[in-house]
Structures are given as C-alpha cells and as structure tokens.
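Structural description and commentary
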Protein chains: 2
Amino acid sequence: MKPIKVGLLGLGTVGTGVVRIVEGHQSDLQSQVGSPIVIEKVLVKNVEKARNISVSTHKITDDAWDIIRDPEIDVIVEVMGGIETTKEYLIEALERGKHVVTANKDLMALHGPEIMAKAQEHHCDVFYEASVAGGIPIIRTLSESFSSDRILKIMGIVNGTTNFILTKMSQEGASYADVLKEAQELGYAESDPTSDVEGLDAARKMAILGTLGFRANVALEDVSVRGISQVTKDDILYAKRLGYEVKLLGIAERQDEHISLSVQPTMIRKSHPIASVNGVFNAVYVHGEAVGETMFYGAGAGELPTATSVVADLVSVVKNMKLGVNGQHCTVPYKEKKLKNDEQIAYKNFILLHVQDKAGVLARITQVFAEYEVSLASVLQQPNPDNPEAEIIIITHDASKASMDKVLKHFEELEVIRKIKSVYRVEG
Amino acid sequence: MKPIKVGLLGLGTVGTGVVRIVEGHQSDLQSQVGSPIVIEKVLVKNVEKARNISVSTHKITDDAWDIIRDPEIDVIVEVMGGIETTKEYLIEALERGKHVVTANKDLMALHGPEIMAKAQEHHCDVFYEASVAGGIPIIRTLSESFSSDRILKIMGIVNGTTNFILTKMSQEGASYADVLKEAQELGYAESDPTSDVEGLDAARKMAILGTLGFRANVALEDVSVRGISQVTKDDILYAKRLGYEVKLLGIAERQDEHISLSVQPTMIRKSHPIASVNGVFNAVYVHGEAVGETMFYGAGAGELPTATSVVADLVSVVKNMKLGVNGQHCTVPYKEKKLKNDEQIAYKNFILLHVQDKAGVLARITQVFAEYEVSLASVLQQPNPDNPEAEIIIITHDASKASMDKVLKHFEELEVIRKIKSVYRVEG
C-alpha cells in the first residue's frame, strides 16, 4: 500500500500533537484508511531548536516551498498560523493538487471563501474542524448533522482565555486585572492579550460558524464586537444576585432570512446549559428549528484536543482520496447574506445607573424608556452604601439596538444620571 | 434533474416529522444535494386512518413489499420499529440495491453487524444516526470526528423517560410510582414501561455506541443492565446530601484493550456536566485519550429532533449517490472484542445498610470489607429516627465487581445487618 504523505507546516503545540497522534495511533489509522499515513516533511522556524518530540532531522526544513512544491506530498496540514504568507502557501498547494487541513481560524475567517473556491477549482479538499473550539466537532455538526435543519441561533463560548478569566472572577470575586495577570502567568493568556480579551478571536470563530450555520458568506466585519476588559467584579456580583453568570458569548441569530452576529459579555441565566461551562472549556449551543436545543462541550484548545480534530480531518481527506471524491464535500454558502439593521436587532438589556438620590428621578428615567418604546421587565432602586448616589438596576424586555442606543444617548444628557455604570446584553 | 425517490416505512411520530422536514425544507435540501427528494410511497398499518399530515392517498400503502420491490425507489427510510419482520424488509431492500436510513435501535443493537455486512456486499449505505439520542449527532461524532482518537469512556443519559422520572423525583421529592404515573399521563412513558424503566432501551443504545466507540462488535448481552424501578426517594435524598444526583447512566469503558458496558442507576457528582442534564433531555459524555472530556446534549426523542437526524442521514446517502461512493463509508468494527471479567470491572460504590444499633457493629462490617480487600473512602453511621436500627452509609474506593459481590453476599449472612437497603455505582 502506497503511504499517504503529509507535509506539516508548523511544529508548535498543535503540530507536536499531530505528530504524536499520527505516530502513536498509526495502526488504528491504517485500519481505517487502508494505507500508512506518513509525516514526510515538517516546516519549522528554526531547524536547530531543541524539541519535546523526535522528528528525524532530514524531515525538518525551514523552507515552506520545499514542502509545498514537493510532488510526493499529498496533503498539507497547516498549524503554523499567520494570514497572508500562509494563504500564499495554501493557495499554491491547492493549485498543485494537494489537499489542505488547517487549524487556522484567522485565515478561514478572513479568506475562507477564496480558499474554498480555489479548492473546488482544483478538486481538492479543505477541512478546518480545528479552527473553532479545538476538540469539539462543531464544523462537521453544522455542515453535516444539521444539514436538514434551519439553524435559528448559535451561542458559543469559543475563547478559553476569556472564559477562564470570567470564571475566576465569578468564583473568587477577583478583579479583571488580577485574574488576567494570573492567566498570563499560567500561560492561558498571551503577554499581549488584546485579540482574546477584546473579543477578536471569538469574532473570527463566529464568522466561521455563522457562514456554516446560515449557509451565507459571513465576513468578520459583520460581527459586532465588545470584549471583557471593562467587566468589573461588581457587575458579576450583580449578575449572580439576579440569577445570571457573565460570559463572553458569540451570538449568531436568524429571523426569517435576516441574520445578526455579535460577540459581547452577556448575562446568561444560570439555568441555561451554557452558563455552567467554566474555565478554559468551550461550548457551542445550537438551536435548530427542528432539532431544538443542543449543546456541544469540550476542550477548546490544547495540544491533543486540537490535534484530534486535525487528524480526524486528515482521515476524511484520505478516505476521500481512496474514493476519488475530494473537493466535492465542501459546503459552499448558497444563500444571499442579509444582515439585520439596528432596528431589527433586538435583545434584553441590563443597565446599572448611578443617579442623584432625590424624588422623581426614577419617573424621569422610566419616561425616557417609554419615549423610545423600550419596555421594562424589572426595575430596582437601592441606596448605594459607598456614596451619596442611588443605584438603579433595570432589565428591559427585548428592545431594538437602535432604540437602546437612543435611550443611552439621552441618559448621557440627563442631569439626574451621574453615570451609566454598565450595560449588558441579557440571554436565557 | 432526476428526483431521488424515498420509500418511507412508518408514519408515526418520527415518520410524520420526516415528511414535514423533507417537504418543508425541500428547496434547502435541493440546494445541498442538487436533486429534488421525493417521498414516493409510505407504509402505514391502516390506510383509512385520519392523520395530522396530508400525504396523497396514492402514495399510501399497507403492503411493505410494494415499496421494497419498487424498482423506482432509491432509498428506504425505516421508522416503523419492530425487529424480525423489519429486518427482512431491510435485508431485501439492500439486496435490491436500495440504501437504508433507519431510526431503529432495537434492530441495530441486535442485528447491526449482519445488516452492515449485507450493505457492504451490495455497495449500499446504511445510516442510523436517529437510533441513539434522537437529535444528538453522536453516531457521526464517534465514527468520524473522533476517528483519530482512542475512546476511553462513554457515559450516556440515553433514555428520556427514565431521566424525566429521576429528575422529577430529585426536584420534587416524589416517589417512583407517583412520577411514573404522571409520566404515563403525559405520554412520556408507555403503558407498559418495562423496556424504558428496566434499562433495556438504554442497553440497546449502549451496545450501538460501544460498537462504534471501541470499534468492536458489542452485543446486547455484553451490557449488564439494572433499571430504576427500585430507586427510592430516600436514595435520591441521600445522594443529594452527599453531593450527587441519581441518573440512569449507560457506561462503556476501556482499559488497555479490555472493555465493559453497563446500564444502572448511578450516583454522579453534581459538578459533572452530565449531572445537570434534566427532564427528557439526553446527553452523551465522551472521554477520549487525546480529545479529553466532551459532552453532547440535546433532545433524545420527539418528532422533529429525531427526524432531523433521519433527514441528515438521507442527505448523506444522496450525496454519496451523486459521488458514486455508497457503501464505502461504513465503519466496520475491526477489533477483537475482549470483555472485562468481574475481577477487572472496578468502580466506586455507595452502600446503605440498616444495622443493629449496638457496640462493635461497625467494626464487624469494616472487617468484611477488609477481608475482600475493598478499601473505603468514607463511612457515616447515624441513628435512624424512624426505627430502632442504625444506618450506615459507606462509599468505597474503586473496588472490583467480584469483590463487591462477595462483600454483599457475606453481608446477607451477617446477623448484625438487618437489611442491605441500597447499593449504587458512584461516578465523578
């Protein structure tokens, strides 16, 4: 049996996991696909560097083109990250008839449609299960298992760093800054954590999930983004008292043919299954018209969980090679993308205000909500023990984003309001 | 485009859902597979019966062979249930080159290997996602997404009826008999509930999951079974006090190459994600060597969730037809089945004893555990307010089934023990 030859781009955490699984599970893999799978060449930055894993030196190269242009190599497994240069490599690989397995969410969120089109043109497979939520098989679930359904809503905890931080803040009453520091020391957060904590990483994953779930080309710019850096321990305390947890949720929704996508810290009711997903774990909740409520839970990152998804994709590629059907399983978005405008996007809101502690304030404030036709689910006024102001906590019914923006703008001009302390989307 | 013609066997709950989805989502399905999908003929018991759904009368028949032997029909969708006669239909359908989608767990648990072999022989597909856990895509996940991993443990809440009963007993402190009656009135339990409450339904599903997860032919007889009919509200109260919920868990485990499968009411620690799966919902927890802990949650039954899985399978069949690769995606178990014996099966146990309230009793009891080398994690003795006996609650460390059987047998002969009130497996 002719072995299937793999070119591995990148030998970091995930790349090391891929080598471990392909070598460690070789006989199982061979039983499934009928051929040995061999990692023929590995791209690294520094060929001299000491590593945790032994890869024969003649396989290691720092020249990507030596792999991409090697006619012996059947499949490129890309776990190096990066966008523009990496895209160049993969496009040329596809042009040369090589299949691609990638874990690169940044690349897929930005250039997914172009890469998929190139793959179809050359009858090649591109699989990218590992790009979203590590070991959770959410890509395959959306593209195959729910193929007969209409997805109404996807809510995801798709960034482990921020979920670790929010879980710690919730469980220990710690401040954002302290927990971020701890996460950095533990290696769960980068020294520049911006992409994680400001929600960009989650937004990229939601663009990928939205594209699959709604079968329309969702771009990164279509996802409105707010990160967790402004979340305070007091906000979390208020949330818990009202029966909610604060989670950074990616939310993709459809009503009729109109969709909206966002990432923001959200107060989610504790009884919702996604509210109890803690630490670095990820979960994706999917509500389908027919299937109802489902949730998929697992490790969102890490060497072996992510590599499991990469190697499962590799198995699919090899099976397709044997059957001669590569490039035909791609889910190509076939629906026109219609984004909701701010009048159409609607959800519940939590608002915490610091106000002057005097008669008539609450009446003035509720009047503003009425003016913009935002109806209220609950209102709580209480003295603030720390200062002479009073606190007002309001939870609205579903209100359009446009109306809420007007309410908040009006509040800024209202003398009785000292400060708009915090505003959260509310779910569940 | 030539339409794909489907013969539907059964027009009960799931069959009705299949018609609704195939007709309601026709244009979406057509965009995915490139052909119309037409339900050509429908098998019913009584052609005269009034129905919730309109199916043209010329399509309805009470003669299964009229469908199985119709050369125009490409795919048989079997949602009628039953075992021997149904098997005859499907075997002949496969011999005639028709592909099969089935939701029939009983059939697949008993005759899965024979049906899959017949399918391979005739280059036909057999898909059965809907046979386990309704709308949860666990079959596809085990056979494809985790193809590169080694599954160590599967724990499933795979029977909605018993989970509804146990959830109600736990949340309302109600008795088994009262809740069973309520479940029957609500239509969640059959008038003869034996198959559900005695664990047989769950055992069939675990045989299917075990076969896929361990890639060995697991038979129904390999699954040891205990149902929930002996679970008392007191047991659940004790469990909760100790931080556990009682769930009917199917558990399939592997150590090295040896496997064991069982279904039993189990005390599962509340912090485990599967402990908070309530009501008629199902969940399957999968622990893979590489992927780590994952869980899949959703509706385990019902018209549309189950039909979603059936129609997703139908889409897979049609895609394979277009590619000419039917019958080649079957996961055929290739490993020899090695079952653990009672010496090798080990887990934690909860034991509640009623004992004589006098000196030396606890010493006598712990001596028995020591004799059979069962070590104890915790022991609690307390007076029983209702009668002159004392209660002893013991939780063991992992103990072999063989040793525990000996301990319990010895207890039956021990005069100081009035009654072995209850024994549960403990997880998490």
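Calculation notes
Residues numbered from 1 in each chain as written. Chains lettered and ligands numbered in written order. Predicted model: local features only at pLDDT ≥ 70, side-chain atom pairs only at ≥ 80, totals over all residues. Heavy atoms only, no water. Least-squares fit on C-alpha atoms with pLDDT ≥ 70 in both. Pairing = 2+ DSSP bridges. Helix = DSSP H or I, 4+ residues; strand = E, 2+ residues; numbered from the N terminus. Contact = heavy atoms within 4.5 Å. Axes fitted to C-alpha atoms, helices over the stretch in contact; angles between N-to-C directions. UniProt positions renumbered as here; feature names shortened; annotations may be inferred. Buried < 20%, exposed > 50% of the residue type's maximum accessible area, 1.4 Å probe, protein only. Phe/Tyr/Trp six-rings, centres within 6.5 Å; stacked < 30°, edge-to-face > 60°. Parallel < 35°, antiparallel > 145°, perpendicular 65-115°, else oblique. Left-handed = near helix turned anticlockwise from the far one by under 90°.

1. Notes on the relation of the copies chain A and chain B
Between chain A and chain B, the superposition needs a rotation of 180° and an axial shift of 0.0 Å, giving an RMSD of 0.0 Å. Considering both components of the superposition, the chain copies are consistent with a two-fold axis. Scanning chain A for the C-alpha nearest the rotation axis identifies Phe296(A), at a separation of 2.4 Å.

2. A few points about the sheet that holds strand β1 (residues 4-9) of chain A
Residue and element names in this part refer to chain A. Read across the sheet, six strands follow the order β3-β2-β1-β4-β5-β6 without closing on themselves; strand pairing throughout is parallel. The open sheet has two edge strands with one neighbour each: β3 (60-61) and β6 (126-127). Against the sheet, helix α4 (residues 84-95) engages β1, β4 (75-78), β5 (99-102) and β6, with an angle of about 165° to β4. Along the sheet, helix α12 (residues 303-323) contacts β1, β2 (37-43), β4, β5 and β6; its crossing angle with β5, the most-contacted strand, is approximately 165°.

3. Some words on the UniProt feature "binding site: L-homoserine" (unreviewed entry) in chain A
Residue and element names in this part refer to chain A. Those places that UniProt annotates as "binding site: L-homoserine" (unreviewed entry) correspond, in this numbering, to Glu190. Tracing the backbone shows Glu190 in the loop between α8 (176-186) and α9 (194-197). Relative accessible area serves as the criterion here: at 53%, Glu190 is assigned to the exposed category. Setting aside anything within four residues of it in sequence, one finds Glu190 in contact with Gln184 and Asp196.

4. Points about the packing of aromatic side chains
Enumeration over the complete set of coordinates arrives at 13 aromatic pairs over all chains. An angle of 80° between the planes, with centres 5.4 Å apart, marks the rings of Phe369(A) and Phe411(A) as edge-to-face. Highlighted residues: Phe369(A) in helix α13 (residues 361-371) and Phe411(A) in helix α14 (residues 401-413), separated in sequence by 42 residues. The class of Phe411(A) is buried, set by a relative accessible area of 1%. Each ring, one from Phe350(B) and one from Tyr424(B), has its centre 6.2 Å from the other, and the planes form 65°; the classification is edge-to-face. You can see Phe350(B) sitting in strand β13 (residues 346-355) and its partner Tyr424(B) sitting in strand β17 (residues 417-427), a full 74 residues away along the chain. Accessibility expressed as a relative area gives 0% for Phe350(B), which makes it buried. Classification of Tyr424(B) by relative accessible area gives buried; the value is 1%.

5. Overview of the packing of helix α7 (residues 160-172) of chain A against α8(A)
Two packed helices can be described by the angle between their axes and the distance between those axes. Residue and element names in this part refer to chain A. Relative to each other, α7 and α8 sit at 130°, their axes nearing to 9 Å. In terms of orientation, α7 lies oblique with respect to α8. By crossing handedness, the relation of α7 to α8 is classed as right-handed. Across from Phe164, Ile165, Lys168 and Met169 in α7, the residues of α8 making contact are Tyr176, Val179, Leu180, Glu182, Ala183 and Leu186.

6. Focus on the pairing of strand β15 (residues 390-396) of chain A
Residue and element names in this part refer to chain A. With seven of its seven residues buried, β15 lies for the most part within the structure. In β15, alternate side chains face the same way, and those of Ala390, Ile392, Ile394 and Thr396 on one face and Glu391, Ile393 and Ile395 on the other are all buried. Sheet topology places strand β13 (residues 346-355) next to β15; six bridges connect them, and they run antiparallel. Across the sheet, residue Val355 finds its bridge partner in β15, namely Ala390. Of the strand pairs in this sheet, strand β14 (residues 376-383) and β15 are connected by seven bridges, and their pairing is antiparallel.

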